[in-house]
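# Reading the structure
If you want the building blocks of each chain, they are given just below.
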Amino acid sequence: MNIDSMTHAARKAMNHNPEIRNWIENYIKNKVRAEKSELSDQEFENYWKYHKPEIIHERSLEGFLAYKEHKNNNNLK
């Protein structure tokens with residue numbers, strides 16, 4: 001399976017499962033917040049508001065893989 005297909009599958013999972021979508025969005029938002037540490041909280045929220053769709057689209061596969069790893073780690077406990 002190529003990256004485009006995997007990204008599409010990740011976005012499809014997000015669109016069909018609100019739990020997955022919320023987890024991935026929070027994960028990506030926290031990662032982006034750490035990357036944009038120079039912004040104040042208010043500046044970041046404004047940035048996130050306008051860039052969220054693009055960022056979520058671009059990083060959905062990363063988020064989905066993190067979600068699967070998180071679920072697998074929780075199942076091992």
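Read on for a plain summary of the structure. No experiment lies behind these values; they were computed from the predicted model shown. In this convention, every chain numbers its residues from 1, walking through the sequence in written order. In keeping with the model being predicted, local features are shown solely for residues with a pLDDT of at least 70 and side-chain atom pairs are shown and tallied solely at 80 or more, while totals for entire chains, interfaces and linings include all residues. Processing note: side-chain calculations cover all non-hydrogen atoms of the structure and skip hydrogens and water entirely.

## A few points about the overall build of the protein
Applied cut-off: Segments assigned H or I by DSSP are reported as helices when at least four residues long, segments assigned E as strands when at least two residues long, and all are numbered from the N terminus. Only heavy atoms enter the contact rule, under which two residues are in contact if any of them lie within 4.5 Å. Only the protein chains shown count as covering a residue, and every accessible area follows the Shrake-Rupley method with a 1.4 Å probe. The charged-residue count follows a simple rule in which Lys and Arg add positive charge and Asp and Glu add negative charge, with His and chain termini not counted at all. Lys charges are placed at NZ, Arg charges at CZ, Asp charges at CG and Glu charges at CD.
Along its length, the protein carries three helices and zero strands. Starting at the N terminus and walking to the C terminus, you meet the elements of the protein as α-α-α. Within the protein, contacts between residues separated by at least 24 positions form 60% of all contacts whose residues are at least 6 apart in sequence. Approximately 5600 Å² of the protein is accessible, and the part contributed by carbon and sulfur atoms is 49%. One way to put it: in the protein the 13 positive side-chain charges average out to a point 6 Å from where the 12 negative ones average out.

## Topic: helix H2 (residues 18–35)
Rule in force here: Helices are assigned an expected span. That span is 1.5 Å times one less than the residue count. For every residue, the accessible area obtained with a 1.4 Å probe (protein chains only) is divided by the maximum for its type, and the residue is called buried under 20%, exposed over 50%, and partly exposed between those limits. What the arc measures is the spread of directions leading from the helix axis to the C-beta atoms.
For H2, which comprises 18 residues, the first-to-last C-alpha distance of 25 Å matches the rise-based estimate of 26 Å (1.5 Å per residue) to within 8%. Of the positions making up H2, those classed as buried are Ile20, Ile24, Glu25, Ile28 and Val32. Considered in projection along H2, the buried side chains sweep an arc of 120 degrees and stay on one side of the axis. In this structure, H2 carries Pro18, Asn30 and Ala34 as exposed residues pointing more than 90 degrees from its buried face.

## Digging into the pattern of salt bridges
Using the following cut-off: The term salt bridge refers to a side-chain nitrogen of Lys or Arg lying within 4 Å of a carboxyl oxygen of Asp or Glu.
Counting across every chain of the model gives eight salt bridges. A salt bridge links arginine 59 to glutamate 62; the nearest nitrogen and oxygen atoms lie 3.0 Å apart. Remark: glutamate 62 and arginine 59 occur in helix H3 (residues 41–76); sequence separation between them is three residues, near one turn of the helix. Residue arginine 59 is classed as buried on the basis of its relative accessible area, which comes to 17%. Judged by relative accessible area, which is 29%, glutamate 62 ranks as partly exposed. Salt bridges here are not isolated pairs; linked through shared partners, they connect Lys31, Glu35, Arg59 and Glu62.

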